Amino acid sequence: MILVAVLIPLYMVEPGGNLPRIELVASVPVGEETPEQMRRRKLSEFAITTFADANKCKAFASVFEKAVSGTTGSSSAAGDTLEDLKFVLIGNSLTSRGTGDYFIGHEALKGAGGFKDFISDESPQASHAMAAIYIGANFPPGAAQIAANSEFLDALAGDKPVNWQDIALYAVGGAIGQRTTNATLNEVAGKIRSAMCK
């Protein structure tokens, strides 16, 4: 097998400088999928099928389990799992929601069927739950609640009423995320089922 690597030029502006510098970054070998890309593609395909179920909470827990099974044995299993789920259920980033090759789509995630009443509204709760877990795991304690505070800020600006369900969801998800490590990763789907699902 012959692998051909493609070098992509990245133009970067030096801080305080006027002239761009060019760096060459190796991308994916042409015609090949990295193990990470393959894992995310397969997870995305599984999630699309699984989220056809009206019970979005049950689907979320099942997709979480599937993601864990794809990273078992890795020294960075928790981080890899959360990144995979971010790409599939949120998008390329927390600020670029709904984007990327692995994102399963707003229609698949629409609704909150199966979520407990105190965290259920008509928004894509599985995506919000994943964001809360991701923030809880990757940012300092309390960050998920700070993210939920945007609900208050939107209400103060007069854009919409306070969404108490999302605030509660971020508290529950943030707490799960704070306790997500390689050692506890196999327990997270169960925590989702017990804390979030009816």
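To start, this report covers the structure provided alongside it. Note that the coordinates shown come from a computational prediction; the quantities given were computed from them, not determined experimentally. (Residues numbered from 1 in each chain as written. Predicted model: local features only at pLDDT ≥ 70, side-chain atom pairs only at ≥ 80, totals over all residues. Heavy atoms only, no water.)

Moving on, we come to the packing of aromatic side chains. Summed over all chains, the structure comprises 2 aromatic pairs. Here Phe60 and Phe64 contribute two aromatic rings whose centre-to-centre distance is 6.4 Å and whose plane-to-plane angle is 85°, an arrangement assigned as edge-to-face. Here Phe60 and its partner Phe64 are both found in helix α2 (residues 56-71), 4 residues apart, which amounts to about one turn of the helix. A relative accessible area of 0% means that Phe60 is categorised as buried. With a centroid separation of 6.5 Å and 80° between ring planes, the pair formed by Phe87 and Tyr102 is classed as edge-to-face. You can see Phe87 sitting in helix α3 (residues 77-90) and its partner Tyr102 sitting in the loop between β4 (96-97) and α4 (106-109), a full 15 residues away along the chain. Comparing Phe87 with Tyr102, the two get one shared label, buried. (Phe/Tyr/Trp six-rings, centres within 6.5 Å; stacked < 30°, edge-to-face > 60°. Helix = DSSP H or I, 4+ residues; strand = E, 2+ residues; numbered from the N terminus. Buried < 20%, exposed > 50% of the residue type's maximum accessible area, 1.4 Å probe, protein only.)

For the structure shown, the criterion picks out 1 disulfide. Residue Cys57 pairs covalently with Cys197 via a disulfide, S to S 2.0 Å. Between Cys57 and Cys197, the disulfide has an S-S torsion of -90° and is therefore left-handed. Placement of the pair is Cys57 in helix α2 and Cys197 in the segment after α9 (188-196), with a sequence separation of 140 residues. Cys57 sits in the buried class, given a relative accessible area of 0%. (Disulfide = S-S within 2.5 Å.)

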